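Summary of the model geometry
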Amino acid sequence: MPASDAVSPLSDDPGSRRGAHRRALVTAGPTEEPIDEVRFLGNRSSGRMGLAIADALLACGWRVTLAVGPIRTEVPTHFREPIPGQEIDRDDPQARLLRFRTSHELEGLLRRELPQSDLVVMAAAVADFRPRSVGEGKLRRSAQGMTLELEGVPDLLASTVPSRKPGARVFGFALEPAERLEASARDKLVRKDLAGIVANPLETMDAADVDGTVFLRDGRVLAPGSRLPKDAFARWLAGVIA
Ligand code: CTP
């Protein structure tokens, strides 16, 4: 069955089922937190899950803005970056591409995009810590080594709640060791004020397959029934959340 024919098990409204030109924002990939002008703290997120979800939502008829961090995975060419200086309102293609590097840039992007997003899928692997200050130029090696002071990164999903469009449905991800996956996912659902959370065991990071479960705010727990390649999981997920 093509993704565009996927039926949402959660909605009887054909308009919402197919996206009906409503806007989705999908974030994908890691953040890079600069140490100096050449080094950074990053993580192993490939961005593939977010890219696959963006494509699956597009196939369901959504207008999709894909916000990607610094990834090596190629972004499909139908996602186009806006022309610099052009107003967002005048630049409203079906598939739009925005880029971020740091958690600070992603925070600004969310504040700009959330007010016009009906659906948000936050698949980005945002840093939890970043260097408190950024070294000038390239920090020099020293025999004594060095200590990096890190500060906590704000929880972007929770701290941008006031920027959300009223009625928007926001989905997050939880990547945790299997033994505390469910408890953590349920905690994040409430703490981050989400409609649902996609819980994956730690091994999913950078892997080809996904063994995911979706916990919904209304108490339902949904899973595709088996481990799936990321694009097949994304099509299943698009049917569930859209
Ligand atoms: N997230 C976020 N801001 C952060 C870290 C994570 O918005 N600074 C988002 C992620 O994009 C993801 C969800 O929160 O959708 C869960 O990410 P995770 O790292 O599992 O959550 P944390 O809140 O950082 O979990 P914990 O506090 O338990 O480490």
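Above this text you will find the structure in question.
Residues numbered from 1 in each chain as written. Predicted model: local features only at pLDDT ≥ 70, side-chain atom pairs only at ≥ 80, totals over all residues. Heavy atoms only, no water.

1. Notes on the site of the ligand
Stated precisely, the cut-off is as follows: One heavy atom suffices: a residue is near a molecule or strand as soon as one of its heavy atoms comes within 4 Å of it. In protein, a polar contact requires one atom able to donate a hydrogen and another able to accept it; more generally it is a pair of N or O atoms within 3.5 Å, and residues adjacent in sequence count only if both atoms are side-chain atoms. For each structure, a 1 Å grid was placed over the protein atoms alone; sets of points admitting a 1.4 Å probe that cannot get out are labelled cavities, open sets with protein on both sides within 12 Å along at least five of seven lines are labelled pockets, and lining residues have an atom within 4 Å of a point. Criterion for pocket placement: a molecule counts as inside a cavity or pocket if more than half of its atoms are within 2 Å of its grid points. Comment: elements are numbered from the N terminus, with helices defined as DSSP H or I runs of at least four residues and strands as E runs of at least two.
Around the ligand, the structure places 18 residues, and the nearest of them are Met 122, Ala 124, Phe 173, Lys 188 and Lys 192. Between the ligand and the protein, one listed contact pairs a nitrogen atom with a backbone N or O atom of Ala 127 at 3.3 Å. Contact between the ligand and Lys 188: an oxygen atom at 2.5 Å from a side-chain N or O atom of the residue. The pocket occupied by the ligand, as judged from atoms lying within 2 Å of grid points, is the largest pocket. Mapped by element, the contributors of at least two residues to the shell around the ligand are α4 (156-159), β9 (169-176) and α5 (181-191).

2. Some remarks on the nonpolar core
Condition: The nonpolar core is taken to be a set of buried Ala, Val, Leu, Ile, Met, Phe, Trp, Tyr and Cys residues, with the residues joined through side-chain atoms within 4.5 Å. Partly exposed describes any residue whose relative accessible area lies between the buried limit of under 20% and the exposed limit of over 50%, with all areas from a 1.4 Å probe on protein chains only and scaled to the type maximum. Throughout, a residue-residue contact means that at least one pair of heavy atoms, one from each residue, lies within 4.5 Å.
Residues Ile 53, Leu 57, Val 64, Leu 66 and Phe 79 are the most contacted members of the largest nonpolar core, which totals 38 residues. Those elements giving two or more residues to this core turn out to be β1 (23-28), α2 (48-59), β4 (63-68), β5 (95-99), β6 (119-122), β9, β12 (213-216) and α6 (230-241). In terms of residues, this core owes the most to one element, α2, which gives 8 residues. Apart from residues lying up to four places away in sequence, Val 64 is in contact with Ala 24, Val 26, Ala 54, Leu 57, Leu 58, Phe 79, Gln 94, Ala 95 and Arg 96. One finds Leu 25, Leu 109, Leu 114 and Leu 156 within the second-largest nonpolar core, a separate group that totals 22 residues.

3. Regarding the sheet that holds β6
What counts here: Should DSSP find at least two bridges between two strands, the strands are regarded as paired. To get an axis, a line is fitted to the C-alpha atoms, and for a helix only the part in contact is used. The angle between two axes follows their N-to-C directions and goes from 0 to 180 degrees.
Reading across from one edge, β5-β4-β1-β6-β9-β10-β12-β13 is the order of the 8 strands in this open sheet, with mixed pairing throughout. Strands with a single pairing partner mark the edges of an open sheet, and in this sheet they are β5 and β13 (221-222). Relative to β13, β12 runs antiparallel, the two being bridged by 2 bridges. Each bridged residue has a counterpart across the sheet, and for Val 214 the counterpart in β13 is Leu 222. Its contacts with the sheet place α6 against β6, β9, β10 (196-201), β12 and β13, and it is angled at close to 140° to β9.

4. Observations regarding the packing of aromatic side chains
The condition that has to hold: The rule is short: rings of Phe, Tyr and Trp, with Trp giving its six-membered ring, pair when the centres are within 6.5 Å, and they are stacked under 30 degrees, edge-to-face over 60, tilted in between.
Counting across every chain of the model gives 1 aromatic pair. Look at Phe 233 and Trp 236: their rings are 5.5 Å apart centre to centre, the planes differ by 40°, and that puts the pair in the tilted class. Taken together, the positions of Phe 233 and Trp 236, both in helix α6 and 3 residues apart, correspond to about one turn of that helix. Overall, the relative accessible area of 0% leaves Phe 233 in the buried class.

5. Points about a nonpolar patch on the surface
Going by this rule: Residues form patches when they are more than 30% accessible in relative terms and have no salt bridge. Like charges link within 9 Å. Nonpolar side chains (Val, Leu, Ile, Met, Phe, Trp, Tyr) link within 5 Å. Accessibility throughout is a Shrake-Rupley quantity obtained with a 1.4 Å probe, and a residue counts as covered only by protein chains that appear here. A pairing counts as a salt bridge when a side-chain nitrogen of Lys or Arg comes within 4 Å of a carboxyl oxygen of Asp or Glu.
On the surface, Phe 129, Met 146, Leu 148 and Leu 150 cluster together to form a nonpolar patch covering roughly 390 Å² of accessible area. Considering the arrangement of structural elements, one finds Leu 148 in the loop between β7 (129-131) and β8 (150-152). According to the relative accessible area criterion, Leu 148 is partly exposed, its value standing at 34%.

6. A closer look at the packing of α2 against α6
Applied cut-off: Geometric relationships in this document are graded by angle, where less than 35 degrees denotes roughly parallel, more than 145 denotes roughly antiparallel, 65 to 115 denotes roughly perpendicular, and other angles denote oblique. Crossing handedness is defined as follows: a turn of the near helix away from the far one that is anticlockwise and smaller than a right angle gives a left-handed crossing, while the clockwise case is right-handed. Residues are grouped as follows: Ala, Val, Leu, Ile, Met, Phe, Trp, Tyr, Cys and Pro are nonpolar; Asp, Glu, Lys and Arg are charged; every other residue, Gly included, is polar.
At a minimum axis separation of 8 Å, α2 and α6 run at an interaxial angle of 50°. With respect to α6, the element α2 is oriented oblique. For the crossing formed where α2 meets α6, the hand is right-handed. Residues Arg 48, Met 49, Ala 52, Ile 53, Ala 56 and Leu 57 of α2 lie in contact with α6, whose contacting residues are Lys 230, Asp 231, Phe 233, Ala 234, Arg 235, Leu 237 and Ala 238. Grouping the constituent residues of the contact of α2 with α6 by class yields 9 nonpolar, no polar and 4 charged.

7. Quick notes on the environment of Ala 56
Tracing the backbone through its elements, the reader meets Ala 56 in helix α2. A relative accessible area of 3% places Ala 56 in the buried class. Dropping the residues within four chain positions of it, Ala 56 is found in contact with Ala 234, Arg 235 and Ala 238.

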